[in-house]
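# Structural overview for review
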Amino acid sequence: MQSTSVRRQQIRWVIAFFWLFFFGHACLVQAQYRPHQDLGALFEDVQLSGIFPDSKTFPDCVPLAPPATIVQAYQREKSNAAFDLKIFVLRYFQVPGAPASDFRSNPNAPVEEHIQKLWPVLTRQPVTEQSSLLPLPQAYVVPGGRFREIYYWDSYFTMLGLQVSGQTQLIQNMVDNFTHLIHTTGHIPNGNRSYYLSRSQPPFYALMLRVLAQEKGNDVLKKYMPALQKEYDFWMAGAQAVTAKNPAARRVVRMPNGTLLNRYWDDEPQPRPEAYKEDVAVAKASGRNPTEVYRHLRAAAESGWDFSSRWFADGQNLQTIETTNLIPVDLNALLYHMEITLAEMAQLQGQRQQARMYKEKAKARKEALLQYCWNQKESFFYDYHFVKGTHSTVPTLAAVFPLYFCMVTKAQAKGVAQKLQADFLQTGGLRTTLTNTGQQWDAPNGWAPLQWMSIQGLNAYKHTALADTIANRWIRQNLSVFKETGKLTEKYNVEKAGQEGGGGEYPNQDGFGWTNGVLLRLLQTTPAKR
């Protein structure tokens, strides 16, 4: 006999299929398949078994029966002597594969042509499968490789290239997808997967709106103001709870001077479903409270920098991760821009009091960021350890974000530029940090989004020679790898000419959305000296 709870879960599953089939892409988050919750011990057993080399594979599988039915079958069969876990999984789940495509790379063709042909290959149409994929109403571009869904901050840099390609409708579609996620889930998740719902990524939505407004005018800013306000409310949730005695709540931190700044966070302190085995191993090796370690790991995943020495207490080892103790420079610069954008939106709507409020919030955030994150001795921006009341000791490219948003003095910009040239600049562009830990967001790797933010930040303060040098070296690195392999990849080893990046939890991926976008824009805007 089936238990009542099993029958209820099966009914819920059937209803979800019914709604998705008959009502298209309405995002029924409550009915969404969440493998790490719905499969219970089966999910943990599969992820710890290592039957899939990539831990992201199983959470992305499509169940071929209601989860309760699969769980019941697992409980019934697993004690059999002849039971084989992999065979069982392949019977009940459809493993994700590469989308069918006749695309063939030609490294002898111009890279611009390669990217133009690649956009359709990386574009996904809306689907209604009952999997961990959150359905979206419009087409969208994925990064590529193992990243089979839309990603938050990746998409802004992809849009830079789509704009060059004249793909305004696709930019519109992606903005509308993110708006849909805000209105249905309360925020923009890390990606459109149910297992990403507990966290976001660096908040680039306001910048996406500005890209769209460049193409369609300022009515865009009026139209999307409610969505951006809701996105802002997500990041500021907890603001009413912080006090001098208890200064942190979710993503909000009350600084000693009473100003509110933000940190990265995740609401579920458990192993990440898409990296379950890896997180369990890190927590065990750390000797710390596993819940605490999982929270820090997930918060680092929200930062997009997963993983980097910037989050490590000892600057070297993942086991010492302490992400939520830090006030990140990049996050607070992005939220400053969000506040400035909300003020501008309110002004366009004739809401003067609202505009004044957001301008005051932006002013307070800017002053606090300059107070707490600027290291006068080093002439560089650092994350701030609010628990210890000191600067981080790990210099990173996050320091360029205040320049990008024109938040700093000319003297501060000069200090950042000098350190970039002296310590970060390599043969293939800027390295992400100065430390090689084997993590992918450390030396020797360089990443397209950070090259773009650095180049534009330097240009904003007239450090054009350095900006052009970085751009040309990055372009040359991208083209060199493309000519050798026919690929544009997720990251590059900028310390060695013509080398792909490496390190981290998974192999370097090709495709690749944000690399394509930034390269295409730089080829259009950079004086050629390569």
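Residues numbered from 1 in each chain as written. Predicted model: local features only at pLDDT ≥ 70, side-chain atom pairs only at ≥ 80, totals over all residues. Heavy atoms only, no water.

## So, the overall build of the protein
Let me state the cut-off plainly: Labels follow the DSSP assignment, with helices taken as runs of H or I lasting at least four residues and strands as runs of E lasting at least two, numbered in each case from the N terminus. For every residue, the accessible area (1.4 Å probe, protein chains only) is compared with the maximum for its type, and the residue is labelled buried under 20%, exposed over 50%, or partly exposed between those bounds. Two residues form a contact once any of their heavy atoms are found within 4.5 Å. Surface accessibility in these figures is a Shrake-Rupley result with a 1.4 Å probe; residues are shielded only by whichever protein chains are displayed. When charges are counted, Lys and Arg are positive and Asp and Glu negative, with His and the chain ends excluded. Charge placement uses NZ in Lys and CZ in Arg. For Asp and Glu, CG and CD serve respectively.
Helices and strands together make up the secondary structure of the protein, namely 21 helices and 17 strands. Overall, the C-alpha framework of the protein stretches about 75 × 60 × 50 Å when taken along its three principal axes. Out of the 530 residues in the protein, the part that is buried amounts to 59%. A separation of at least 24 residues holds for 68% of the contacts in the protein among residues at least 6 apart in sequence. Summed over all atoms, the accessible surface of the protein reaches about 20800 Å², with 49% contributed by carbon and sulfur. Counting 56 positive and 45 negative side-chain charges, the protein places the averaged centre of each group 4 Å from the other.

## Regarding helix 15 (residues 329–348)
At 3.6 residues per turn, the α-helix brings residues three or four places apart onto the same side. The criterion, for reference: To estimate how far a helix should extend, the number of its residues minus one is multiplied by 1.5 Å.
In this model helix 15 runs 29 Å from its N-terminal to its C-terminal C-alpha over 20 residues, within 8% of the 28 Å that 1.5 Å per residue would give. Most of helix 15 is tucked away, with 16 of its 20 residues classed as buried. Directly beyond the C-terminal end of helix 15, a positive phi value near 75° is found at Gly350.

## Let's talk about the environment of Arg199
By the element assignment, Arg199 lies in the loop between helix 9 (168–185) and helix 10 (205–216). Exposure remark for Arg199: the relative accessible area of 1% places this residue in the buried category. Along the chain, Arg199 and Gln376 lie 177 residues apart, while their C-alpha atoms are 33 Å from each other. Residues in contact with Arg199, not counting those within four places in the same chain, are His187, Ile188, Pro189, Asn190, Arg251, Trp265, Asp266, Arg272, Glu274, Arg298, Ala301 and Glu302.

## A few points about the sheet that holds strand 7 (residues 260–262)
In a beta sheet, neighbouring strands pair by backbone hydrogen bonds and run either parallel or antiparallel. Note the cut-off: By definition, two strands form a pair when at least two bridges between them are found by DSSP.
With antiparallel pairing, the three strands of this open sheet are ordered in space as 5-6-7. Only two strands of the sheet have a single neighbouring strand rather than two, namely strand 5 (248–249) and strand 7. Strand direction decides the pairing type here: strand 6 (residues 252–254) and strand 7, joined by three bridges, are antiparallel. When the sheet's bridge partners are listed, Val252 is paired in strand 7 with Asn262.

## Brief notes about the nonpolar core
The following threshold applies: To define a nonpolar core, start from buried Ala, Val, Leu, Ile, Met, Phe, Trp, Tyr and Cys residues and group those joined through side-chain atoms within 4.5 Å.
Tyr156, Phe157, Phe204, Tyr205, Phe381 and Phe405 are the most contacted members of the largest nonpolar core, which totals 145 residues. Ignoring any residue separated from it by four or fewer positions in sequence, one finds Phe204 in contact with Tyr152, Trp153, Tyr156, Phe157, Leu334, Phe401 and Met453. Counting 20 residues, the second-largest nonpolar core is a separate cluster that includes Ile51, Leu85, Phe93 and Tyr276.

## Describing the packing of aromatic side chains
Where we set the bar: Only Phe, Tyr and Trp rings take part, Trp by its six-membered ring, and two of them pair if their centres are within 6.5 Å. Stacked means planes under 30 degrees apart, edge-to-face means over 60, and tilted covers everything else.
The final tally for this structure, using the stated rule, is 37 aromatic pairs. For the pair Trp153 and Trp514, a centre-to-centre distance of 5.1 Å together with 85° between the ring planes defines the contact as edge-to-face. With a gap of 361 residues between them, Trp153 in helix 8 (residues 152–164) and Trp514 in helix 21 (residues 513–525) connect regions that are remote in the sequence. The residues Trp153 and Trp514 share a single accessibility class, namely buried. Relative to Tyr358, the ring of Tyr232 has its centre 5.6 Å away and its plane inclined at 80°; by these criteria the two rings are edge-to-face.

## So, helix 18 (residues 410–424)
Look at helix 18: 20 Å from first C-alpha to last across 15 residues, which is about the 21 Å you get at 1.5 Å a residue. When we look at burial in helix 18, the residues that qualify are Gln412, Ala413, Gly415, Val416, Ala417, Lys419, Leu420 and Phe424.

## Regarding the sheet that holds strand 16 (residues 492–493)
Strand order in the open sheet formed by three strands is 15-16-17, and the pairing between neighbours is antiparallel. A strand with exactly one partner marks an edge of an open sheet, and here the two such strands are strand 15 (445–446) and strand 17 (499–500).

## Notes on the environment of Leu118
Mapped onto the elements of the fold, Leu118 is located in helix 7 (residues 111–122). With 123 residues separating them in the primary sequence, Leu118 and Ala241 have C-alpha atoms 47 Å apart. Among residues more than four places away in sequence, those in contact with Leu118 are Phe103, Gly511 and Asn516.

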